[in-house]
Structure formats: C-alpha cells, structure tokens
Amino acid sequence: MPIKITEILGNGQRLDGGAMFGNVPRAMWENWAPPDENGRIELNCRAMLIETPELKILCETGIGAFFEPKMAKRFGVQNSNDHLLINNLKQLNVSLEEIDYVILSHLHFDHAGGLLNSYVEAQETGMKLVFPSAKFLVGRTAFERAKSPHQRDRASFIPELQVLLEESE
C-alpha cells in the first residue's frame, strides 16, 4: 500500500474577523468570509491522517469538544457536543487505538483540543487523551511555551493537557 493522506474535518469555530485579518479592511474580506451578527467568521479545524503500511499518523487535532458550554459559546465552537474529529475517523473505519503518532505544531487549544475527550465525557471520567496508543510529538520550544505561557497567549492553552502529555510518555 502506498502512503495515503486524508483530510479529516474536526469541530470548527467562529472568531472575530477583524482579529483574524488584522489590518486588512473588512470590506476586503467580508464577501468571501461573511461575518455573523457578532463579527465572527467561520474557521474550520482540519487534521491530516497519514497512513503507511506500518503506521497511522495524525497531524493536528483541531479544537475538539473539551470546552464547557459557556466557553464553547464564547469561542464559537461548532457542534460542541460532538467530537467531530473522532466521529469522522470512525466513518473512515479508523479506531482511536490505531493512531500511532499525533504530530502537533503547537499546543494552542484550536490545534490540540481534539486530543481530549469531550466535556460531557470528562464530567464522568475526567479529562483524558483520546488516542490511547499514540506517541505525541511537539517541538520542545512549543511544549515549554505551553508549560510557561506568555501573558499574551496564556488563555490559548489547556493547562491540564501538558500534564496528560507528560504522563503519556
């Protein structure tokens, strides 16, 4: 079997269009990224599944469904009661146990939140990593930044995630 690469859609979110486009005027972006009544635009979170004869590697996990309802609403998490990444992996007949590696660019919640079980599940079992057999790969600088975040992006990290990743080694 040759290497197979598949895009996997996860939970999306809505964030402020002005913040996402910086100093680009709204008139230039609003026709192809229409904002909602709160000025937020839709952002998809996609993962990439790489399958070789020996390995299944997931790159990024998106935002997931770990937020409690109030925070999910604040960050515009779409389908916040369902973990779409997991659902879409299952539709491809890929079990969570089959994922050998998860590669993350960094640990902001919109890239790494999909590593965690849903808020509803966490209420019953506690927060857990959903890929039980996987090794997790993230750069040392990105990991250290998550453990000691700068004031500017502290809210972008999930404090419990670093502990779970360290315990998974």
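Residues numbered from 1 in each chain as written. Predicted model: local features only at pLDDT ≥ 70, side-chain atom pairs only at ≥ 80, totals over all residues. Heavy atoms only, no water.

Engineer: Any details on a nonpolar patch on the surface? Residues and values, ideally.
Structural biologist: Residues Ile3, Ile5 and Met48 make up a contiguous nonpolar surface patch of roughly 300 Å² in combined accessible area. If you trace the backbone, Ile5 turns up in strand 1 (residues 4-9). (Patch = residues over 30% accessible without salt bridge, like charges linked within 9 Å, V, L, I, M, F, W, Y side chains within 5 Å. Areas by Shrake-Rupley, 256 points an atom, 1.4 Å probe, with all protein chains shown as cover. Salt bridge = Lys/Arg side-chain N within 4 Å of Asp/Glu carboxyl O. Helix = DSSP H or I, 4+ residues; strand = E, 2+ residues; numbered from the N terminus.)

Engineer: Quick rundown of the pattern of salt bridges? Include the residues and the values.
Structural biologist: Enumeration according to the criterion identifies 9 salt bridges in this entry. With its nearest N and O atoms 3.5 Å apart, the salt bridge here joins Glu42 to Arg14. One end of the pair, Glu42, is in strand 3 (residues 40-43); the other, Arg14, is in strand 2 (residues 13-16), and 28 residues separate them in sequence. For Arg14, a relative accessible area of 15% gives the class buried. (Buried < 20%, exposed > 50% of the residue type's maximum accessible area, 1.4 Å probe, protein only.)

Engineer: Tell me about the packing of aromatic side chains, and please be specific about residues and values.
Structural biologist: Here the structure, examined in full by the defined rule, presents 6 aromatic pairs. Arranged with centres 5.2 Å apart and planes meeting at 10°, the rings of Phe67 and Phe75 form a pair that is stacked. On the basis of relative accessibility, which here comes to 11%, the residue Phe67 falls in the buried class. An aromatic cluster is defined as three or more aromatic residues linked by ring pairs; in this entry it consists of Phe66, Phe67, Phe75 and Phe109. (Phe/Tyr/Trp six-rings, centres within 6.5 Å; stacked < 30°, edge-to-face > 60°.)

Engineer: Describe the environment of Val163, naming the residues involved and giving the relevant values.
Structural biologist: For Val163, the position within the fold is in helix 8 (residues 159-167). Judged by relative accessible area, Val163 falls into the partly exposed class, the value being 42%. A C-alpha to C-alpha distance of 15 Å links Val163 and Arg140, two positions 23 residues apart in sequence.

Scope: geometric values only; no functional claims are made or implied.
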